[in-house]
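# An overview of the molecular structure
Residues per chain, in single letters:
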Amino acid sequence: MLKENTFRTLAEEAISRCRRLATFSEDAGGTRRTFLSPPMRDCHREVSSWMKSLGMNVSLDAAGNLRGLYAGASPGSSRILIGSHLDTVPNAGAFDGILGVVLAVALVKSLDDAKLPFAIEVIGFSEEEGVRFGIPFIGSRALVGRVDEELLGRKDANGISVRKAIENFGLNPNDILKAKLSDDVLGFLEFHIEQGPVLDKLGRPLGIVEAIVGQNRLEFRFSGQANHAGTTPMNLRRDALAAAAEWIVAVEALALRTPGIVATVGFAEAKPGATNVIAGEARAMLDIRHASDHARTEALDELIRQAESIGARRGVTAKWRALLSQNAVAMDPFLTEQIEHAAHKAGCEPHRMASGAGHDAMILAEKVPAAMVFLRTPEGISHDPAESVHLDDVAKALECGHHLLTQLTASQEFLGRTCRA
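All of the points below concern the structure found in this document. Just so you know, these numbers come straight off a predicted model, no measurement behind them.

## Comments concerning the sheet that holds strand 9 (residues 262-271)
An order of 9-11-7-12 is seen for the four strands of this open sheet, with the pairing classed as antiparallel. A strand with exactly one partner marks an edge of an open sheet, and here the two such strands are strand 9 and strand 12 (317-326). When the angles between neighbouring strand axes are averaged without regard to direction, this sheet yields 15°. Pairing between strand 7 (residues 214-223) and strand 11 (residues 281-290): 10 bridges, direction antiparallel. Within strand 11, the position partnered with S223 by the bridge is E281.

## Quick word on unusual backbone geometry
A negative phi angle characterises most non-glycine residues, just as the trans form characterises most peptide bonds. Note that the residue after K271, namely P272, is joined by a cis bond; omega there is 10°. Counting through the fold element by element, P272 comes out in the loop between strand 9 and strand 10 (277-278). The residue N91 is not glycine, and still its phi comes out positive at about 55°. In this structure, N91 sits in the loop between strand 3 (79-85) and helix 3 (98-110). A relative accessible area of 43% means that N91 is categorised as partly exposed.

## Section: the pairing of strand 5 (residues 185-193)
Across the nine residues of strand 5, nine count as buried, placing the element largely inside the fold. Examined bridge by bridge, strand 3 and strand 5 share four bridges and lie parallel to one another. Paired with R79 across the bridge in strand 5 is V185. When strand 5 meets strand 15 (residues 370-375), the two strands line up parallel, connected through six bridges. Counterpart to L189 in the pairing with strand 15 is A371.

## Comments concerning helix 8 (residues 240-257)
Helix length check: helix 8 (18 residues) gives 26 Å between terminal C-alpha atoms against 26 Å at 1.5 Å per residue, within 8%. Every buried residue belonging to helix 8 is among A240, A243, A244, W247, A250, V251, L254 and A255, and all of these are buried. End-on, the buried residues of helix 8 take up no more than an arc of 130°, which puts them together on one face. More than 90 degrees from the buried face of helix 8, the exposed residues found are V249, L256 and R257. Where helix 8 is buried, its residues meet strand 7, strand 9, strand 11 and helix 9 (293-314). A side-chain oxygen of the first residue of helix 8 lies 3.0 Å from the backbone nitrogen of L241; this N-cap is D239.

The rules behind the values
Residues numbered from 1 in each chain as written. Predicted model: local features only at pLDDT ≥ 70, side-chain atom pairs only at ≥ 80, totals over all residues. Heavy atoms only, no water. Pairing = 2+ DSSP bridges. Helix = DSSP H or I, 4+ residues; strand = E, 2+ residues; numbered from the N terminus. Axes fitted to C-alpha atoms, helices over the stretch in contact; angles between N-to-C directions. Buried < 20%, exposed > 50% of the residue type's maximum accessible area, 1.4 Å probe, protein only. Expected span 1.5 Å × (residues − 1). Arc of directions from axis to C-beta. Contact = heavy atoms within 4.5 Å. Polar contact = N/O pair within 3.5 Å; in protein donor to acceptor, adjacent residues only side chain to side chain.

Structure follows, in structure tokens:
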């Protein structure tokens, strides 16, 4: 077993590497690295050099995913995938996604050339954030065979399609299917910062993700009657904005009294939008999430009923349309339990939790057993240059990961798994 200070040394290097990758950016003075943009070449070159120094076979698939294979003890060994994404949001921090790739490389380094009964494939996904083309998970979608012609035809703000972006990067979009997982994959593991304040508030360095929440997004329209603000008595108004405002407060109230629900109205607008005119129409966008599909659907049905009831009482019609419906994704129970054992061996009391954000693990879970380890995010700050990690937490994550690999080498249940068709 490696000494504790070895993990600390690896953690120091990992943090330094994350900050180095943050300098590869489309923007001067900030970090923005979108799908197959020029700075991604620099990122690939840097990460590839780390992989090659460990004897890994490095390749780039047609979706732009960087893949490094650390061979197993025998030829043709099955593989475990470990990784996350290399793209960022605008004005990003240094750790979201990228830390998961860097830690995967560090875990291979922690083996000190030892070979396991399975190979380790480190993956740096080309795209997860959805910034450039308005659709997320292009990289991981390719691994499960969900990059179709519609996706390839999507265009960015400059009119460049996904297909053209792949070609401009020197890759062949006709080879996308070659990126698909083969049946020798045993599972997928993703390390990721929490991007929220839960672990920080609990004082826990690591979290174990049991599920990635399901999510619905809807547009609600409240239609009343625009009229003069000074001459229309209060009891004769059909104020669409007032109806929307009452409903928005009802959204918050329901979420506060329903365990596990988060519900947000992050956008609202009124028409005609003049100070001296009663709003004839109001539009509000709802985002609602929960780890249980049943609980989320039940809450959503209640909010729809409340919108209709509030509208009827105020002489306003309420209509809605669905924009997104995404089921919750459970992480693999066996891997989750193994991570918990490994965390205890590393001296941590991990916190089991749901992820309120989407991750590549939810896409890979369609085909292979998937699991996630969260690292505490100081003050819950993410998607911002102030995003950070604690050195000791990174060391604990590496120690946990090293224990996990050791446990899996002795597990016949794990070694007997295969990719789902």
